[in-house]
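Per-entry structural report
The primary structure of each chain is shown beneath.
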Amino acid sequence: MPSVAFYTLGCKVNFYDTEAIWQLFKNEGYEQVDFEATADVYLINTCTVTNTGDKKSRQIIRRAIRRNPDAIIAVTGCYAQTSPAEIMAIPGVDLVIGTQDREKLMGFIEQIQTERKPVNAVRNIMKTRQFEELDVPDFAERTRAFLKIQEGCNNFCTFCIIPWSRGLSRSREADSVINQAKQLVAAGYKEIVLTGIHTGGYGDDLENYHLSDLLEDLDKVEGLERIRISSIEASQIDEKMIEVLNRSDKMCHHLHIPLQAGNDEVLKRMRRKYTTAEFAEKIRRLHEAMPGLAITTDVIVGFPGETDEMFQEGYRFMEELGFAEMHVFPYSKRTGTPAARMEDQVDEEVKNERVHQLIDLSERSQLAYAEQFVGQVLDVIPERDYKGAPGTGFVMGYSGNYLQIVFEGSESLIGQLCRVKVTEAGVNECRGQLVRVMESSPTLAKAQ
């Protein structure tokens, strides 16, 4: 039985893509082995979002070549898409395929097995207008399934290389999304996370069909308990979207809305398409429509030209908005992007100092958000035994509004919809008490 080993770098979408590629190998009778084992084929799914992503990708490729020089070494993903020649130049690489055409992968591998000639199968991603249909029917995580609905991005923020590695925004056909959702529910999943490179851009390339329409259609899928959107831009949340989020029992009251900077001048240099005032107004509108909504965000600290005053202004802005959590990153130069060429780069030490200030703010905001729910009963789907103290009779899972809650209960609760009363708030996890289990689904118990 031929064997394949995978190594994935980078984001959730890459992990999804690797799972989808594994399905192709599985259908051809391959078994999957650990990356540290000897395999017939090594597939490395690369990342290029930062310069370190490139470097790490090259290290992993070399590691696979050393592990088994006779194996076929195939490289895919973002770094493969943007720098195929660099990868082909590494002695021992057999196949480079980018972020498209992956359904042809097995054909290329057979061809290489017979001819033993390296293949560069990367072509211009900017000409691609089709969403690549690759399904993932199953995930290691039993309670939550990812469903990729969109690929690429049209934004061209000055710090970001991704449009060049993933191409322009393209959406998966609605029927295809709905069918896949039904299959996931049939496989026992209760929660679906809609994901993509620029998920909120779903429908930009479709005739009169937007993300809010898709959510309405997904809401009708029987047996689906929860729908979560991995990330959405403030500008993409219109009144119809708010109405759908509000009307649906299945839509999680949690939105991840990247802010990136809390100062208009910095936002402009980043080429973000909103001002702080517009962003704040959208957040205000969301809280008004959906009290208790968790809004999490991403922030880049120390973007070129960010002065102390700009940072302080941003800090106060974020403090005012009161996010449920902030993901804070120091700006890192990405070769090939406009921001990397900007004059006034910020000193690393200054960046780190600012990062720490914002992480402290994030923890305070997280706690303040969680404290509102003490004494309330929330829906929680336990995901696993409590990792803080395994085997002690506690399980943990997320509430619809993204609080991580630990409560007493047996592992038989995993994957079931539970009503849990929040007894104690914390920064990263809250404590709760099981009130009752909503209903037991035989398919999931079987699938465990």
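Model, not experiment: these values are computed from the prediction.

1. Focus: the side chain of Asp94
- Examined against the element boundaries, Asp94 turns out to sit in the loop between helix H4 (84-88) and strand E5 (95-96).
- Here the side chain of Asp94 touches Ile73 through a polar contact of 2.8 Å, landing on its backbone nitrogen.
- Residues contacting Asp94, with those up to four places away along its chain left out, are Ala71, Ile72, Ile73, Ile112, Arg116, Lys117, Pro118 and Val119.

2. A closer look at the sheet that holds strand E11 (residues 226-229)
- Spatially, three strands are ordered E7-E10-E11 in an open sheet, and the strand pairing comes out parallel. With one partner strand each, in any of the chains shown, strand E7 (144-148) and E11 form the two edges of the open sheet. In this sheet, neighbouring strand axes are inclined to one another by 25° on average, regardless of whether the strands run parallel or antiparallel.
- Direction of pairing for E7 relative to strand E10 (residues 191-195): parallel, over a ladder of five bridges. Of the residues in E10, the one forming a bridge with Leu147 is Leu194.

3. Some thoughts on the sheet that holds strand E1 (residues 3-8)
- Pairing is parallel across the open sheet formed by six strands, whose spatial order is E2-E1-E3-E4-E5-E6. Edge positions in the open sheet fall to strand E2 (31-32) and strand E6 (119-120), since each of these has one partner strand only.
- One ladder, built from six bridges, connects strand E3 (residues 41-46) with strand E4 (residues 72-77); its direction is parallel. Counted as the bridge partner of Asn45 is Thr76 from E4.
- Lying on the sheet, helix H1 (residues 12-27) is in contact with E1, E2, E3 and E4; it crosses E1 at an angle near 170°.

4. Notes on the pairing of strand E19 (residues 430-437)
- Here three bridges tie strand E17 (residues 404-408) to E19, and the two strands are oriented parallel to one another. Its bridge partner being in E19, Val406 is matched across the sheet by Arg431.
- Sheet topology places strand E18 (residues 418-424) next to E19; six bridges connect them, and they run antiparallel. What sits directly across from Cys418, in E19, is Val437.
- The hairpin turn running from E18 into E19, its antiparallel successor, is five residues long.

Conventions and cut-offs
- Residues numbered from 1 in each chain as written.
- Predicted model: local features only at pLDDT ≥ 70, side-chain atom pairs only at ≥ 80, totals over all residues.
- Heavy atoms only, no water.
- Helix = DSSP H or I, 4+ residues; strand = E, 2+ residues; numbered from the N terminus.
- Polar contact = N/O pair within 3.5 Å; in protein donor to acceptor, adjacent residues only side chain to side chain.
- Contact = heavy atoms within 4.5 Å.
- Pairing = 2+ DSSP bridges.
- Axes fitted to C-alpha atoms, helices over the stretch in contact; angles between N-to-C directions.

Limitation: the analysis is restricted to geometry and does not speak to function.
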